Amino acid sequence: GEEKTVDVKDILLCLLENDEEERLQERVLLNLSRCLLQLANVDGSTDAVRATKYRKAAVLGCTLALSCASYAGDSGGTVGIGTESKAR
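The structure displayed is predicted, hence computed values, not measured ones.

Turning our eyes to something else, we now look at the confidence of the model for the chain. Mean pLDDT over the chain works out to 80, with 78% of the residues at or above the 70 mark. When mean pLDDT is taken per element in the chain, helix α1 (residues 24-43) scores highest with 91 and helix α3 (residues 81-87) scores lowest with 57.

Structure follows, in structure tokens:
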């Protein structure tokens, strides 16, 4: 392998190692996504471009939450079923 330095701007998420029981990181991402969707609905009538950006960020947040759940499921035996149902 080759060593490489990764810029901070290229990092989407760092996983918390001790977050298996509370799933705090997943809950924060899902709540943030829910808030972004609400902002998109509020701003949608006045600024369609901003509303689209809010929706894209919400999708990214849900995707990251599901990735966290999948990662935790790989190490813990259960794939974050609660997180998957909340993201729907």
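Picking up where we left off.
Here we come to α1. Here α1 is 20 residues long and its end C-alpha atoms lie 28 Å apart, about the 28 Å a rise of 1.5 Å per residue gives. Looking at α1, one finds that the buried residues are Q25, E26, L29, L30, S33, L36, A40 and D43. One face of α1 carries all of its buried residues, which in axial projection span an arc of 155 degrees. Structural note: α1 exposes N41 and V42 on the side pointing more than 90 degrees away from its buried face.

So, on to the pattern of salt bridges. Within the structure shown, the criterion is met by two salt bridges. A salt bridge links R50 to D47, with the shortest nitrogen-to-oxygen separation between them at 3.3 Å. D47 sits in the partly exposed class, given a relative accessible area of 25%.

All right, on to the environment of A57 then. Tracing the chain through its elements places A57 in helix α2 (residues 48-76). Along the primary structure A57 and L36 are separated by 21 residues, whereas in three dimensions their C-alpha atoms are 7.2 Å apart.

Our focus in this paragraph is the nonpolar core. Membership of the largest hydrophobic core is limited to six residues, which are L29, L30, C62, L64, A65 and C68. Those elements giving two or more residues to this core turn out to be α1 and α2. In terms of residue count, α2 provides more of this core than any other element does, four residues in total. Membership of the second largest hydrophobic core comes to five residues, among which are L36, A51, Y54 and A58.

Conventions used here
- Residues numbered from 1 in each chain as written.
- Predicted model: local features only at pLDDT ≥ 70, side-chain atom pairs only at ≥ 80, totals over all residues.
- Heavy atoms only, no water.
- pLDDT = per-residue confidence, 0-100.
- Helix = DSSP H or I, 4+ residues; strand = E, 2+ residues; numbered from the N terminus.
- Expected span 1.5 Å × (residues − 1).
- Buried < 20%, exposed > 50% of the residue type's maximum accessible area, 1.4 Å probe, protein only.
- Arc of directions from axis to C-beta.
- Salt bridge = Lys/Arg side-chain N within 4 Å of Asp/Glu carboxyl O.
- Core = buried A, V, L, I, M, F, W, Y, C linked by side-chain atoms within 4.5 Å.

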